[in-house]
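These are the residues of each chain, in order.
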Amino acid sequence: MKHNRFFKSMYRTEEFSLSFAKWVLLALLIGGIGGLVGTAFRVSVFACNALFDAHRWLVFLLPLGGLVIVFLYHAAGFTSPMGTNRIIRSVRREAKIPLVVAPLIFAATVLTHIFGGSAGREGAALQIGGAIGGFVSRRVRLAPADASLAVLAGMAAVFAALFGVPVASVVFALEVISVGIIHYAGLVPCSVASFAAFFLSEKLAPFESLGRAVIFPSFDWLLLLKCVVMGLCCAGLSILFVLSLDLSRGLFARFVSNAYLKILLGGLMIIGLSLLFSTGRYNGSGIGVIRDALNGQGCWYDFLLKILFTAITLGVGYKGGEIVPTLFIGASMGCWAGALLGMDPSLGAALGLCGTFCGAVNCPLASLVMGIELFGGTGLPYIAICCFVSYMMSGYFGLYESQKIMYSKLHARLINIHTRA
């Protein structure tokens, strides 16, 4: 009897060892591809933003760029929206992600940024990464359950190559699909892919700092209470941003059914706004404004105008993503609100950045880890309080309508609902 138990345990050890080796090799492959593509994409987007900053007249070509985007997607056979929501559904095996999605979103995001559209780049990161993971899983003929892990690994890899936060990328990929449930089977695949992509990307094109180091004071009860208030502000702002995006998409879809006409109209509206607010702060990704906020500089209305620019840009069909604009509005709001609360504006910007991201994507652990990777571990208690309050008070709103909230934010019970986008 003892011998039988021994051999059974040895068999399990062999099974786990083989699975570990399989995922390390596959994740290194996915991370390597994701690192190369993600680096090329990151460098391209930064170059596009720099080119636009040097030649603001390029905004007049934004409608033309929009027409090209619609044509490319229609030529590839995509007449319905192809975005991050489809990637989320693919992890649940509710949809498939063809490899052609990767070059499409790459080109469309570059066109959006070079002509001054207000968008991020994480949408492209998740779609490119998901397409890479899905492609690798099909080539090696993984089982459906394992194919989902490969998609998650691809998402984590390209996200890490773009943002330089490898641990947060792992947690985000695992947490964003179904809030309240983390598939721990994805820890090794996502971690190996994320760190492989991160180190490769750092080697090829070093990541730029967001600004000076934010100084977190020693433990202070009054500051913790201020963090609660900041968390409430972040929750409200995240809801406002989600509703603005939803309202924009709904209005344009209701009154302009033709995709070409819709994106042309939206491009013209961005031109008008860019002429009215000619500083260029609200075009592109807005990384420069995020740096300013983290350095304690900014205007109180920055986050409102960024919401307007982004809602129009994404609402009519330009590509990129919502997370970098989320970081923009969070940091700029936090800089202003932090000063009103009597804290260092740069500290307020850091809290606003993490808290608004948390409220918008419903990922408290990923938000906390991201804050630590960006700003250091000394801010842990303050970032945690801000993020956790924002997570609860943002309700069931979220950037991704395919995301599921598995467990209630108010009670210890299963609810299994989609976010309200």
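Here is what the cut-offs are and how they apply
- Residues numbered from 1 in each chain as written.
- Predicted model: local features only at pLDDT ≥ 70, side-chain atom pairs only at ≥ 80, totals over all residues.
- Heavy atoms only, no water.
- Helix = DSSP H or I, 4+ residues; strand = E, 2+ residues; numbered from the N terminus.
- Buried < 20%, exposed > 50% of the residue type's maximum accessible area, 1.4 Å probe, protein only.
- Phe/Tyr/Trp six-rings, centres within 6.5 Å; stacked < 30°, edge-to-face > 60°.
- Lys NZ or Arg CZ within 6 Å of the ring centre and 35° of its normal.
- Contact = heavy atoms within 4.5 Å.
- Pairing = 2+ DSSP bridges.
- Salt bridge = Lys/Arg side-chain N within 4 Å of Asp/Glu carboxyl O.
- Axes fitted to C-alpha atoms, helices over the stretch in contact; angles between N-to-C directions.
- Parallel < 35°, antiparallel > 145°, perpendicular 65-115°, else oblique.
- Left-handed = near helix turned anticlockwise from the far one by under 90°.
- Nonpolar A, V, L, I, M, F, W, Y, C, P; charged D, E, K, R; others polar.

J.: Tell me what's going on with unusual backbone geometry, and back it up with residues and numbers.
T.: Located in the positive-phi region is asparagine 362, a residue other than glycine, with phi close to 60 degrees. In this fold, asparagine 362 is placed in the loop between helix H14 (345–361) and helix H15 (364–375). Owing to a relative accessible area of 0%, asparagine 362 belongs among the buried residues under this scheme. Phi at asparagine 416 is positive, roughly 50 degrees, even though this residue is not glycine. Among the structural elements, asparagine 416 can be located in strand E3 (residues 414–418). Overall, asparagine 416 belongs to the partly exposed group, its relative accessible area being 38%.

J.: Please provide a residue-by-residue account of the packing of aromatic side chains, values included.
T.: Summed over all chains, the structure comprises 16 aromatic pairs. The ring of tyrosine 73 carries lysine 319 above its face, with NZ or CZ at 4.8 Å from the centroid. Sitting above the plane of the tyrosine 391 ring, lysine 409 keeps its charged end 4.2 Å from the centroid.

J.: A description of the environment of glycine 359 should follow, citing residues and the corresponding values.
T.: Looking at the element boundaries, glycine 359 is found in helix H14. The sequence separation of glycine 359 and isoleucine 385 amounts to 26 residues, and the corresponding C-alpha distance is 13 Å. With near-sequence residues (within four places) excluded, glycine 359 lies in contact with Ser238, Ser390, Ser394 and Phe397.

J.: Requested: an account of the pairing of strand E2 (residues 404–407), with residues and values cited.
T.: Pairing of strand E1 (residues 178–179) with E2 involves two bridges; the strand directions are parallel. Within E2, the residue paired with valine 179 across the bridge is isoleucine 405. Examined bridge by bridge, E2 and E3 share three bridges and lie antiparallel to one another. Each residue of the ladder has a partner; that of lysine 404, found in E3, is histidine 418. The antiparallel hairpin formed by E2 and E3 contains six residues in its connecting segment.

J.: Give me the sheet that holds E3: which residues, what numbers.
T.: Strands pair in a sheet through their backbones, by hydrogen bonds, and they do so in one of two ways: parallel or antiparallel. Within the open sheet, the three strands sit side by side as E1-E2-E3. Their pairing is mixed. The two strands at the open ends of the sheet, each matched to only one other strand, are E1 and E3.

J.: Go over the pattern of salt bridges with me, naming the residues and quoting the values.
T.: For the structure on display, the rule yields five salt bridges. Close ionic contact of arginine 249 with glutamate 322 constitutes a salt bridge, the shortest N to O distance being 3.2 Å. You can see arginine 249 sitting in helix H9 (residues 221–255) and its partner glutamate 322 sitting in the loop between helix H12 (302–315) and helix H13 (323–340), a full 73 residues away along the chain. Classification of arginine 249 as partly exposed rests on a relative accessible area of 32%. A salt bridge links aspartate 292 to arginine 281; the shortest N-O distance between them is 3.7 Å. With a gap of eleven residues between them, aspartate 292 in helix H11 (residues 287–294) and arginine 281 in the loop between helix H10 (259–276) and H11 connect regions that are remote in the sequence.

J.: Got a sec to walk through the packing of H9 against helix H16 (residues 380–393)? Specific residues and values, please.
T.: At their nearest, the axes of H9 and H16 sit 7 Å apart, and the two run at 40 degrees to each other. In this view, H9 runs oblique relative to H16, as classed from their interaxial angle. Crossing of H9 over H16 shows right-handed handedness. Contacts between H9 and H16 involve Leu223, Leu224, Cys227, Val228, Met230, Gly231, Leu232, Cys234, Ala235 and Ile239 from the first element and Pro381, Tyr382, Ile385, Cys386, Val389, Ser390 and Met393 from the second. Grouping the constituent residues of the contact of H9 with H16 by class yields 15 nonpolar, two polar and no charged.

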